[in-house]
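Summary of the model geometry
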Amino acid sequence: MDHFVQWFRQAGPYINAHRGRTFVVLFGGEAVDADHFSSLIHDLALLHSLGIRLALVHGARPQVAARLREAGRDLRYVNGLRLTEADDLRYVKQAVGRVRIRIEARLSMGVANSPMHGARLRVVSGNVVTARPLGVRDGVDYGFTGEVRRIDDRAIRLWLDQEAIVLLSPLGYSPTGEIFNLSAEDVAVATAMALRADKLLVLSEEPELRNPAGRPIRELSPSDAAHLLAEQPDLPEETARHLRQALRACQAGVRRIHLLSRGVDGALLLELFTRDGVGTLVTADIYEGLRPATIDDVGGLLELIQPLEDNGTLVRRSRERLEMEIERFSLLERDGAIIGSAALFPFPEERLGELACVAVHPAYQNSGRAEALLRFIERQARVQGLQRLFVLTTRAEHWFRERGFEPAEVADLPVQKRMLYNWQRRSKVFIKTL
Ligand SMILES: CC(C)(COP(=O)(O)OP(=O)(O)OC[C@H]1O[C@@H](n2cnc3c(N)ncnc32)[C@H](O)[C@@H]1OP(=O)(O)O)[C@@H](O)C(=O)NCCC(=O)NCCS
């Protein structure tokens, strides 16, 4: 019971933050055939009831493949895309239609004693995806396989304004009246771009992304994502496809793309309403210049922090000490200058870390840079197995409190740190549980 109350309270800020936002959610045809598809539907209904504007995009790859096989047609793929011949099209329509009808039916459920009771969802689909043929590429004619040419975002917005859930299929129509088989990823990304969606949530069939050390990757900047694609050629096919599309969406201005593993029950809820989430967030909000410091940065770092040491905001550190501790620092660099810093000193025995030397150059303040540094440090701390982060501050108490740090006592510090505490400076102690 306590656990529930605590959890619900923690979700409060997220509920407020997401209300009125527009999310595009992509899931493959596999999800529709899976055992716990109804859980996914319940979660989507819940998001809708919390005031989130939802555009759903479903795939139908396995169903289309099965239908074509049943009809004795050959399945031909080039570069991960299915070739659609004129005679295939009717089977594609059948399969996609069936999937869509199943989803609509599930979203219409409302039996008592189910989470859908009283939900009364309105689901809308229509001719909002205009498509064009992929055409002939490298000598291969893709036939009725197409790509998105335009999304009628005005129509979708009107439906969302009326509190409907919009459901889009991987089919599009051309002005010539033809039907094209599209990839659901293409439809989802184009829709997120056209709607200027706040988030694109991609449910993948693969397990979560992990780094070579086996730890889950929680955040990727566009350049991190590009590196990952270039350096890990053995990524599962679907993961690589999703990453490429995430990168495309990110570059086109979709602020946050979440890659989630559908196998995790409640993945959407965990990602959206808990601090740590369960997926990988691809976002350009992580500053590109954010990186660990090296010995060559000591000079630039001193330039940033010396004025703050001179006015007493930061504790003085000698150049020698900085040189010794430089690998504890993370920096924000812009045009070759160091404009932000933060350091993490771990106390592994106590599972505690000290966040120190948080500073952003005055010319660059108030644009979320310190926040980005904090997130970077928190991630490092978690990777190192630390459970809490403490900070000593004299002037930025509220900045830390607004970011989840709570007042604590000197006695709460690691022994080693307690002995060095400067009683004249009288810094206040704050601790955040990670
Ligand atoms: C504190 C500091 C790191 C914030 O950097 P920043 O990049 O501007 O921070 P963000 O953009 O992430 O956050 C900006 C918000 O924090 C608030 N803020 C900035 N400094 C603050 C302070 N000292 N106390 C409380 N709130 C503060 C801003 O008003 C703004 O909030 P608002 O948008 O609601 O008005 C920066 O002001 C700084 O370098 N200060 C001097 C060094 C320092 O005090 N470090 C902490 C001791 S370890």
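Relevant structure appears above.
Residues numbered from 1 in each chain as written. Predicted model: local features only at pLDDT ≥ 70, side-chain atom pairs only at ≥ 80, totals over all residues. Heavy atoms only, no water.

Topic: the overall build of the protein
The criterion, for reference: Secondary structure elements are taken from DSSP: a helix is a run of H or I of four residues or more, a strand is a run of E of two residues or more, and numbering for both begins at the N terminus. Only protein chains enter the calculation, and the probe is 1.4 Å; a residue is then buried if its accessible area is under 20% of its type maximum, exposed if over 50%, and partly exposed in between. Should any heavy atoms of two residues lie within 4.5 Å, those residues are counted as being in contact. We get accessible surface area from the Shrake-Rupley algorithm with a probe of 1.4 Å; when it comes to residues, only the shown protein chains can shield them. When charges are counted, Lys and Arg are positive and Asp and Glu negative, with His and the chain ends excluded. Where a charge sits is defined by one atom per residue type, namely NZ (Lys), CZ (Arg), CG (Asp) or CD (Glu).
Summing up its helical and strand segments, the protein has 15 helices and 23 strands in all. For the protein, the spread of C-alpha atoms along the three principal axes comes to 80 × 55 × 35 Å. Here the protein holds 434 residues, and 47% of them are scored as buried. In the protein, the proportion of contacts linking residues at least 24 apart, taken out of those at least 6 apart, comes to 69%. For the protein, the accessible area works out to roughly 22,100 Å², and carbon and sulfur atoms hold 48% of it. Computing the positive centroid from 58 side-chain charges and the negative centroid from 57, the protein places the two 5 Å apart.

Concerning the site of the ligand
Note the following rule: Note on terminology: near, applied to a residue and a molecule or strand, indicates that one of the residue's heavy atoms is within 4 Å of it. In the analysis that follows, any N or O atom pair within 3.5 Å is treated as a polar contact, provided that within protein one partner can donate a hydrogen and the other can accept it, and provided that, for residues neighboring in sequence, both atoms belong to side chains. The nonpolar class holds Ala, Val, Leu, Ile, Met, Phe, Trp, Tyr, Cys and Pro. Asp, Glu, Lys and Arg form the charged class, and all remaining residues, Gly among them, are polar.
The immediate surroundings of the ligand are formed by 20 residues, with Val358, Val360, Asn366, Gly368 and Trp399 found nearest. The contact in question runs from an oxygen atom of the ligand to an N or O atom on the side chain of glutamine 365, over 3.4 Å. In this structure, an oxygen atom belonging to the ligand sits 3.0 Å away from a main-chain N or O atom of alanine 370. Its residues assigned to classes, the shell around the ligand shows nine nonpolar, seven polar and four charged.

Examining the sheet that holds strand β5 (residues 123–124)
What counts, and what does not: The criterion for strand pairing is that DSSP finds at least two bridges linking the strands in question. Axis angles are defined between N-to-C directions and span 0 to 180 degrees, where every axis is a line fitted to C-alpha atoms and, for a helix, only to the segment in contact.
Ordered by their spatial adjacency, eight strands build an open sheet running β5-β10-β2-β1-β13-β15-β16-β14, and the pairing between neighbours is mixed. Taken across any chain shown, the strands that pair with only one partner, and hence form the sheet edges, are β5 and β14 (219–220). Note that β14 and strand β16 (residues 280–283) share two bridges and pair parallel. From the neighbouring strand, glutamate 219 faces β16, where its bridge partner is leucine 281. Helix α7 (residues 184–195) rests against β1 (22–27), β2 (53–58), β10 (165–168) and β13 (199–204) of the sheet, and its axis sits at about 175 degrees to β1.

Thoughts on helix α11 (residues 298–310)
Selection criterion: Expected span of a helix: the number of residues minus one, times 1.5 Å. Bend is the name given here to the angle between axes fitted to two runs of seven residues, the run ending at a residue and the run starting at it.
For α11, built from 13 residues, the straight-helix expectation of 18 Å at 1.5 Å per residue is met to within 8% by its first-to-last C-alpha distance of 17 Å. By the largest-angle criterion, leucine 304 marks the main kink of α11, which is about 35 degrees, and a proline, proline 307, follows within four residues. Buried within α11 are the following residues: Val298, Leu301, Leu302, Leu304, Ile305 and Glu309. Looking at the buried positions of α11, the neighbouring elements they touch are α12 (319–325), β18 (329–334), β19 (337–347) and β20 (352–360). Backbone geometry just downstream of α11 places glycine 312 in the positive-phi region, at approximately 85 degrees.

A look at the packing of aromatic side chains
Stated precisely, the cut-off is as follows: Pairing of aromatic rings covers Phe, Tyr and Trp, the last counted by its six-membered ring, and requires centre-to-centre distances within 6.5 Å; plane angles under 30 degrees mean stacked, over 60 mean edge-to-face, and any other angle means tilted.
Summed over the entire model, instances satisfying the criterion amount to eight aromatic pairs. Taking the centre distance of 5.9 Å and the plane angle of 40 degrees together, the rings of phenylalanine 347 and phenylalanine 390 count as tilted. Here phenylalanine 347 is found in strand β19, whereas its partner phenylalanine 390 is found in strand β21 (residues 388–393), with 43 residues between them in sequence. One exposure class covers both phenylalanine 347 and phenylalanine 390, and it is buried. Taken together, the ring pairs in this structure connect Phe4, Trp7 and Phe8 into an aromatic cluster.

With respect to helix α5 (residues 89–107)
Taking 1.5 Å of rise per residue, the 19 residues of α5 would be expected to cover 27 Å, and the 27 Å separating its terminal C-alpha atoms lies within 8% of that figure. Those residues of α5 that fall on the buried side of the exposure criterion are Leu89, Tyr91, Val92, Ala95, Val96, Val99, Ile103 and Leu107.

Regarding the pairing of β13
With six of six residues buried, β13 is to be regarded as a mostly interior element. Two strands pair when backbone bridges link them, and β1 and β13 are joined in this way by four bridges, in the parallel orientation. Within β13, the position partnered with phenylalanine 23 by the bridge is lysine 199. Across six bridges, the pairing between β13 and strand β15 (residues 256–261) is parallel.

Details of the environment of leucine 75
On the secondary structure map, leucine 75 appears in the loop between α4 (61–70) and β3 (77–78). Sequence separation between leucine 75 and alanine 65 is 10 residues; the distance between their C-alpha atoms is 7.0 Å.

Digging into the pattern of salt bridges
Two side chains with opposite charge may pair up if their charged atoms get near one another. We apply this condition: Counted as salt bridges are all cases of a side-chain nitrogen of Lys or Arg within 4 Å of a carboxyl oxygen of Asp or Glu.
As enumerated under the stated definition, the model contains 32 salt bridges in all. One salt bridge connects arginine 76 with glutamate 85, and the closest N-O pair in it is separated by 3.7 Å. Taking the relative accessible area as the measure of exposure, arginine 76 reaches 42% and is therefore partly exposed. For glutamate 85, a relative accessible area of 40% translates into the label partly exposed.

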